[in-house]
Amino acid sequence: MKKKIRFIALFLVTLACADLLVGASTKLIIEHAPQTQYNLSNTIQTLFHQKSDILILGASRAHHSFDPRIIQKETGLTCFNGGRSGVKMDYFALCVSSYLNRCTPKLIILDISSDMMEAPKDDQFKSLRCLYGLSEPLTEVMDSSYSPLERLKLYSSLYRNNRVYNEVLQLCLSKRCPELCGFQPLDGEYQTPHVISTKPFTADAVSLSRLNDIVSLCQSHKVRLVITYAPTLRLTTRNGVSQWLAHYCKTMHIPYYDYSWKKKYYLHPELFKDEVHLNSHGAEIFTHEFIPVINANLKKRI
């Protein structure tokens, strides 16, 4: 009986030590995380470190379309691309809140795709649990979204980092690329012509509420906000997302720039990596074209 008690006590002590070790190492890595091309790296930079004059947000299309190096060279302002693939508007509302708590950028560029405005099919913050307790806005969102039992589990570093600790460690081992400023260029040329979708678009109510939150935050902090629909080979008709965005931005008095029906892009699939993402050459052309838009909006009074 005593052996069993000692074994259980030893196991619990070992578990507690492992939990502390994982928690301490994760915090240390996040606090000193280098810029890499991993999604988690962009998240950490956006939530904790970056203080750029111009912040670019959006899903994978933004991540691969806006080249901050060109923007910095042409405007003389610092710029960071905080795009992240596969996330919804909840995530970007969190990014804006965290960023504005730390600094006041001159301009936020938000590229919106239909996926961002759809209802999430699973837990949007599952891959970000490792950041619980380190980011106040993120912690508040998780506390309001999760059950009491789930919140209790989040106090365990082992639970928070389950399935993502290898990604955290990869931040230390992967190639550093601070010169890209969050941008992820793509190589390769797409050969298939554009397609036109007639599927009507309807914004998810929660995603729309988060978009409204972003607009309100920018207004209250006196930050210029522009919304874009970057080039794509997946075009929509009058009931599509780009048309919905045009109406929304007109109602909310937000500058909106739709590049989806520009012939210089959709008639040239060689500028794309795939159906929705520009390749590095296409991104270079697009970013240069977008410079006058940035300059014009920076001159506007808030």
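Located above this text is the structure these notes cover.
Here goes a summary of the coordinates provided. (Residues numbered from 1 in each chain as written. Predicted model: local features only at pLDDT ≥ 70, side-chain atom pairs only at ≥ 80, totals over all residues. Heavy atoms only, no water.)

Right, let's get into the environment of threonine 192. Locating threonine 192 in the fold gives a position in the loop between α9 (165-173) and β4 (195-197). Along the sequence, threonine 192 and glutamate 275 sit 83 residues apart, while their C-alpha atoms lie 7.9 Å from each other. In this structure threonine 192 touches Leu233 and Pro269, once residues within four positions along its chain are discounted. (Helix = DSSP H or I, 4+ residues; strand = E, 2+ residues; numbered from the N terminus. Contact = heavy atoms within 4.5 Å.)

Moving on: the pattern of salt bridges. Inspection of the entire model under this criterion finds 8 salt bridges. Across the pair glutamate 150 and arginine 129 runs a salt bridge whose closest N-O atoms are separated by 3.3 Å. Of this pair, glutamate 150 sits in helix α7 (residues 148-153) while arginine 129 sits in the loop between β3 (107-111) and α6 (136-145), and the two are 21 residues apart along the sequence. With a relative accessible area of 13%, arginine 129 lands in the buried category. By sharing partners, the salt bridges in this structure join Asp90, Arg210 and Asp213 into a single network. (Salt bridge = Lys/Arg side-chain N within 4 Å of Asp/Glu carboxyl O. Buried < 20%, exposed > 50% of the residue type's maximum accessible area, 1.4 Å probe, protein only.)

Moving on, we come to the environment of glycine 82. Relative to the elements of secondary structure, glycine 82 occurs in the loop between β2 (79-81) and α5 (89-102). Assessed through its relative accessible area of 0%, glycine 82 is described here as buried. Sequence separation between glycine 82 and leucine 55 is 27 residues; the distance between their C-alpha atoms is 6.8 Å. Those residues in contact with glycine 82 that sit more than four places away from it in its chain are Asn42, Thr46, Leu55, Ile56, Leu57 and Phe92.

Let us now look at the packing of aromatic side chains. The final tally for this structure, using the stated rule, is 12 aromatic pairs. Look at phenylalanine 201 and tryptophan 244: their rings are 5.6 Å apart centre to centre, the planes differ by 70°, and that puts the pair in the edge-to-face class. Here tryptophan 244 lies in helix α11 (residues 241-252) and phenylalanine 201 lies in the loop between β4 and α10 (205-220), a separation of 43 residues in the sequence. Relative to phenylalanine 286, the ring of tyrosine 259 lies with its centre 5.0 Å away and its plane at 85°, an arrangement referred to as edge-to-face. Note that tyrosine 259 is positioned in the loop between β7 (256-258) and α12 (263-266) and phenylalanine 286 in helix α13 (residues 280-299), a separation of 27 residues in sequence. Of the two residues, tyrosine 259 and phenylalanine 286, both sit in the buried class. In this structure an aromatic cluster arises from ring pairing among Phe66, Tyr257, Tyr259, Tyr265, Phe286 and Phe290. Of note, arginine 61 hangs over the ring of tyrosine 229, and the distance from its end group to the ring centre comes to 4.1 Å. The cationic tip of arginine 84 hangs over the ring face of tyrosine 91; the distance from NZ or CZ to the ring centre is 5.9 Å. (Phe/Tyr/Trp six-rings, centres within 6.5 Å; stacked < 30°, edge-to-face > 60°. Lys NZ or Arg CZ within 6 Å of the ring centre and 35° of its normal.)

Looking now at the state of the cysteines. Evaluation of the coordinates by the stated rule reveals 0 disulfides. Left unpaired, cysteine 79 is separated from the closest cysteine sulfur, that of cysteine 181, by 7.2 Å. Cysteine 218 forms no disulfide, and the closest cysteine sulfur to it belongs to cysteine 103, at a distance of 12 Å. (Disulfide = S-S within 2.5 Å.)

It is a general feature of regular strands that their side chains alternate between the two faces of the sheet. With 5 of 5 residues buried, β3 lies mostly within the body of the structure. The two faces of β3 match: Leu107, Ile109 and Asp111 on one face and Ile108 and Leu110 on the other face are all buried. Sheet analysis places strand β1 (residues 54-58) next to β3, joined by 5 bridges and oriented parallel. Note that in β3 the partner of leucine 55 across the bridge is isoleucine 108. Examined bridge by bridge, β3 and strand β5 (residues 224-229) share 5 bridges and lie parallel to one another. Counterpart to isoleucine 109 in the pairing with β5 is valine 226. (Pairing = 2+ DSSP bridges.)

What is shown is where atoms sit, not what they do.
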